[in-house]
Amino acid sequence: MTALTLSTAAVPGLRADAIVIGVAKGSASKPGGPVVAPGAEAVDQAYDGGLAGVLETLGASGAEGEVTKLPAPSGFKAPLVVAVGLGAQPEKDSGYDTEALRKAAGVAARTLAGAKKAAFALPLTDAAGAGAVAEGVLLGAYSFDAYKDNGKDGKNGKAPLAEAVLLGGKPRDKAYKAAVERATAVAEELNRARDLINMPPNDLDPEAFAAIAQAAAKEHGIKVQVLDEKALAKGGYGGILGVGAGSASGPRLVKLSYTSSKAKKHLALVGKGITYDSGGISLKPAGHNETMKCDMSGAAAVFAAVVAAARLGLEVNVTGWLALAENMPSGSATRPGDVLRMYSGKTVEVLNTDAEGRLVLADALWAASAEKPDAIVDVATLTGAMMLALGSRTFGIMANDDAFRSAVHEAAEEVGEPAWPMPLPEHLRKGMDSATADIANMGERMGGGLVAGLFLREFVGEGITWAHLDIAGPAFNEGGPFGYTPKGGTGSAVRTLVRLAELAAAGDLG
Ligand code: BES
Ligand code: MN
Ligand code: ZN
């Protein structure tokens, strides 16, 4: 991954492939052309204070996501200046919004793929800004080329930016150092989640995922327990077993326990880990299964968040539950009409084998509940309906507690993840009434994302605060890259989960 350092070096003498600066949109008081953001003073001076005009001539407006390249002024050691759009200028006296900095840094880092070293001279006013730029650089530089011949040596795609120097911060200041360290740990684990999501399903089956989790847990002092199909059968995990029944690769339930001696709170995270969702006997039609390797994004996010919590040494206990299975049709697969006895003891009539996520989550939620954590948050690419409702960049938040749902939403907003609260309307519950079993795994089609949430709620232990994040939209980016988000696996929800763990550690969560 890109190597990061904080530096106070002067821009003109800096040996690098490029200097990154910020450009904002002209404000009401200064209408018209783009405005050069703080941090770029040296470049502006070399242009005799005329950099804004030069940028305007080149067509720059300062809009978010915009990139304008220009040759560096004479006397500079770096040959290139990359001006990246920051959007609107901040209100007087307040610094640039952290998400604007994160996005701009991400765009610049991606633009600089193939370069060895770049200096980022973006407008920093505090440690949070430095952390955001660091995160943006590390997330924006990401590329997945493990399966491309010669991918790393530039013959078949450019290598990610190798080195980034962050200017304008305070390298010796504790807060700045801590912000960059935090950003590095979170971004590295988030990028690892992206790698897992992008890995083809013939290489990442439940067993392989569990082995990767086991190795990482060992490396970071996290306790790990893996239940294989035998142990799952012995324990009565009918949901996970039922979903995995059709696959040649058996299901797994992975429990990752990070504990801190100073912990006062216990947060449980539960992730949907369908390594491939074909739909099962209720097979998905062509056109709906090409990206279904992404159906383990929830488990990848939980895995990344637990490891990040350990790396950051957060003073909170975090237990991660990865519910791993491959949903395939075969002679041994669960049929529509089958009844499963779940880990909780409830019976479920499977009316549609493509509504499999709620089945594996139900068992993991019940297992998580047995430890009586202070809160449970599950993360899942659960329904196409949530995608229809919120689009491809926003995840839905449902909860059995209004205050907790708001807290999760606030945490998401803080870290720059678009999310929105969704209700759990009681009247939708009766649509899942089954003539044969306690509940069916499907209900009304309308409000399908909420129906799935209501199903999950039945498997949360009495009195436990719970939230459900449906990341079906933002988990996998089928379009082009934007901001610090690449094509493919995005690492959606990782940063929200880490923030929740931090809040729990600080005693600020429930
Ligand atoms: N994994 C899918 C949901 C999904 C769809 C995720 C598109 C990402 C992109 C889930 O298992 C599923 O198939 N859900 C069904 C449920 C239905 C059968 C009740 C759906 O949403 O159609
Ligand atoms: Mn499905
Ligand atoms: Zn699925």
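Residue indices follow the written sequence of each chain, beginning from 1 at its first position. Chains and ligands are labelled by the order in which they are written, letters from A for the one and numbers from 1 for the other. Given that the model is predicted, a residue must reach a pLDDT of at least 70 before its local features are reported, and side-chain atom pairs must reach 80 or more before they are shown or counted; all residues, however, enter totals for whole chains, interfaces and linings. Side-chain metrics in this entry use all non-hydrogen atoms of the structure; hydrogen atoms and water are not considered.

- Under the annotation held in an unreviewed UniProt entry, the protein carries the name Probable cytosol aminopeptidase and is attributed to Streptomyces heliomycini.
- UniProt positions are given in the numbering used here, feature names are shortened, and annotations may be inferred rather than shown by experiment. You can read under Subcellular location (unreviewed entry) in the UniProt record for the protein the words "Cytoplasm".
- The UniProt entry for the protein carries this comment under Function (unreviewed entry): "Presumably involved in the processing and regular turnover of intracellular proteins. Catalyzes the removal of unsubstituted N-terminal amino acids from various peptides."

## Considerations on the site of ligand 1
Then comes step 1: Whether a residue is near a molecule or strand is decided by its heavy atoms; if any one of them lies within 4 Å of it, the residue is near. Inspection of the region around ligand 1 gives 17 residues, with Lys284, Asp295, Asp354, Glu356 and Gly384 positioned closest.
Then comes step 2: Thr381 places a main-chain nitrogen or oxygen 3.4 Å from a nitrogen atom of ligand 1.
Then comes step 3: As used in this structure description, the phrase polar contact means that two N or O atoms lie within 3.5 Å; if the pair is within protein, one of them must be able to donate a hydrogen and the other to accept it, and residues adjacent in sequence are counted only when both atoms belong to side chains. Within the backbone of Leu382, one N or O atom sits 3.5 Å away from a nitrogen atom of ligand 1.
Then comes step 4: More than half of the atoms belonging to ligand 1 lie within 2 Å of the grid points that define the largest pocket.
Then comes step 5: Here a strand is any run of E in DSSP of at least two residues, a helix any run of H or I of at least four, and the numbering for each starts at the N terminus. When residues of the shell around ligand 1 are traced back to their parent elements, those giving at least two are β10 (266-277) and α11 (384-390).
Then comes step 6: Within the shell around ligand 1, the residues separate by chemical class into six nonpolar, four polar and seven charged. As defined here, a cavity is a set of points on a 1 Å grid over the protein atoms alone where a 1.4 Å probe fits but cannot get out. A pocket is an open set with protein on both sides within 12 Å along at least five of seven lines, and residues line them when an atom is within 4 Å of a point. A cavity or pocket is said to hold a molecule if more than half of that molecule's atoms lie within 2 Å of its grid points. For this classification, Asp, Glu, Lys and Arg are treated as charged, while Ala, Val, Leu, Ile, Met, Phe, Trp, Tyr, Cys and Pro are nonpolar and the rest, including Gly, are polar.

## A few points about the sheet that holds strand β16 (residues 419-421)
Then comes step 1: Here a strand pair is declared whenever DSSP counts at least two bridges between the two strands. Spatial strand order, β8-β9-β11-β10-β14-β18-β15-β16: eight strands in an open sheet with mixed pairing. Because the sheet does not close on itself, it has two edges, and the strands there are β8 (223-227) and β16. Geometrically, the sheet is characterised by an average inter-axis angle of 20° between neighbouring strands, direction not taken into account.
Then comes step 2: Looking at chain direction, β8 and strand β9 (residues 252-258) are connected through five bridges and run antiparallel. For Leu227, the partnering residue across the bridge sits in β9 and is Leu253.
Then comes step 3: Against the sheet, helix α10 (residues 357-369) touches β9, β10, β11 (317-327), β14 (375-380) and β18 (465-470), its axis set at about 155° to β10. Under this scheme, a helix contributes an axis fitted over its contacting stretch, all axes are lines through C-alpha atoms, and angles between N-to-C directions fall in the 0 to 180 degree range. Note on contacts: a residue pair is in contact if any heavy atoms of the two residues lie within 4.5 Å.

## As for the coordination of the zinc ion (ligand 3)
Then comes step 1: Sites may look incomplete because water is not among the atoms; the donors themselves are N, O and S atoms within 2.8 Å of the metal, or within 3.2 Å for Na, K and Ca. Taken together, the protein ligands of the zinc ion (ligand 3) are Lys272 (NZ), Asp277 (OD), Asp295 (OD) and Glu356 (OE), with distances of 2.0 to 2.4 Å.
Then comes step 2: Think of it this way: with four donors and all angles in the 85 to 135 degree range, the site is tetrahedral; with four or six donors, opposite ones beyond 155 degrees and the rest between 65 and 115, it is square planar or octahedral; otherwise it is irregular. Coordination at the zinc ion (ligand 3) is octahedral, judged from the six donor atoms that bind it and the angles of 78 to 175° they form at the metal.
Then comes step 3: All donors of the zinc ion (ligand 3) belong to a single chain; written as a sequence motif, their spacing is K-x4-D-x17-D-x60-E.
Then comes step 4: The distance between the zinc ion (ligand 3) and the manganese ion (ligand 2) comes to 3.1 Å, with Asp277 serving as a donor to both metals.
Then comes step 5: Taking the relative accessible area as the measure of exposure, Asp277 reaches 3% and is therefore buried. A simple rule labels every residue: compare its accessible area, found with a 1.4 Å probe on the protein chains alone, to the largest value its type can have, and call it buried under 20%, exposed over 50%, or partly exposed in between.

## Points about the sheet that holds strand β12 (residues 339-341)
Then comes step 1: Pairing in this open sheet of three strands is mixed, and the strands run β12-β13-β17 from one edge to the other. The strands lining the two open edges of the sheet, one partner per strand, are β12 and β17 (439-440).
Then comes step 2: Across three bridges, β12 lies against strand β13 (residues 347-349) in antiparallel orientation. Paired with Val339 across the strands is Glu349, a residue of β13.

## Brief notes about the coordination of the manganese ion (ligand 2)
Then comes step 1: For the manganese ion (ligand 2), every protein donor is listed as Asp277 (OD), Asp354 (O), Asp354 (OD) and Glu356 (OE), and the spread of their distances is 2.1 to 2.2 Å.
Then comes step 2: In this structure, the manganese ion (ligand 2) is coordinated by six donor atoms arranged in irregular fashion, with angles at the metal of 70 to 169°.
Then comes step 3: The sequence pattern describing where the donors of the manganese ion (ligand 2) fall on their chain is D-x76-D-x1-E.
Then comes step 4: Residue classification places Asp354 among the partly exposed residues on the basis of a relative accessible area of 23%.
Then comes step 5: Given a relative accessible area of 1%, Glu356 falls into the buried group.

## Topic: the environment of Val35
Then comes step 1: Mapped onto the elements of the fold, Val35 is located in strand β3 (residues 35-36).
Then comes step 2: Assessed through its relative accessible area of 11%, Val35 is described here as buried.
Then comes step 3: In this structure, the C-alpha to C-alpha distance between Val35 and Ala60, residues 25 residues apart in sequence, is 9.6 Å.

## Examining the UniProt feature "binding site: Mn(2+) 1" (unreviewed entry) in the protein
Then comes step 1: Those residues carrying the UniProt feature "binding site: Mn(2+) 1" (unreviewed entry) are Asp277, Asp354 and Glu356 in this numbering. In sequence the annotated residues extend across 80 residues, while in space they remain close, none of their C-alpha pairs exceeding 8.4 Å. As for the annotated residues, the ones lining the largest cavity are Glu356.
Then comes step 2: Here Asp354 is to be found in the loop between β13 and α10.
Then comes step 3: Contact partners of Asp354, with chain neighbours within four places excluded, come to Asp277, Gly279, Ser282, Lys284 and Asn327.
Then comes step 4: Examined against the element boundaries, Glu356 turns out to sit in the loop between β13 and α10.
Then comes step 5: Apart from the residues within four sequence positions on either side, Glu356 is in contact with Val243, Lys272, Ile274, Asp277, Asp295 and Asn327.

## Some remarks on the packing of aromatic side chains
Then comes step 1: Pairing of aromatic rings covers Phe, Tyr and Trp, the last counted by its six-membered ring, and requires centre-to-centre distances within 6.5 Å; plane angles under 30 degrees mean stacked, over 60 mean edge-to-face, and any other angle means tilted. Scanning the entire structure with this criterion turns up four aromatic pairs.
Then comes step 2: Taken together, a centroid distance of 4.0 Å and an interplanar angle of 10° make the contact between Tyr237 and Tyr343 stacked. Highlighted residues: Tyr237 in the loop between α7 (229-235) and α8 (238-244) and Tyr343 in the loop between β12 and β13, separated in sequence by 106 residues.
Then comes step 3: According to the relative accessible area criterion, Tyr237 is buried, its value standing at 7%.
Then comes step 4: Relative to Phe459, the ring of Phe455 lies with its centre 5.1 Å away and its plane at 35°, an arrangement referred to as tilted. With respect to class, Phe455 is no different from Phe459; both count as buried.

## Some details on the pairing of β18
A regular strand places its side chains on the two faces of the sheet in alternate fashion.
Then comes step 1: Of all six residues in β18, five are buried; the element is thus mostly enclosed.
Then comes step 2: Both β14 and β18 contribute to a ladder of six bridges, which runs parallel. Looking at β18, one finds that Ala380 is bridged to Asp470.
Then comes step 3: Direction of pairing for strand β15 (residues 395-399) relative to β18: antiparallel, over a ladder of four bridges. Bridge assignment links Met398 to a residue of β18, and that residue is His468.

## Quick look at helix α13 (residues 448-457)
Then comes step 1: Most of α13 is tucked away: nine of the ten residues are buried.
Then comes step 2: Among the residues of α13, those classed as buried are Gly448, Gly449, Leu450, Val451, Ala452, Gly453, Leu454, Phe455 and Leu456.

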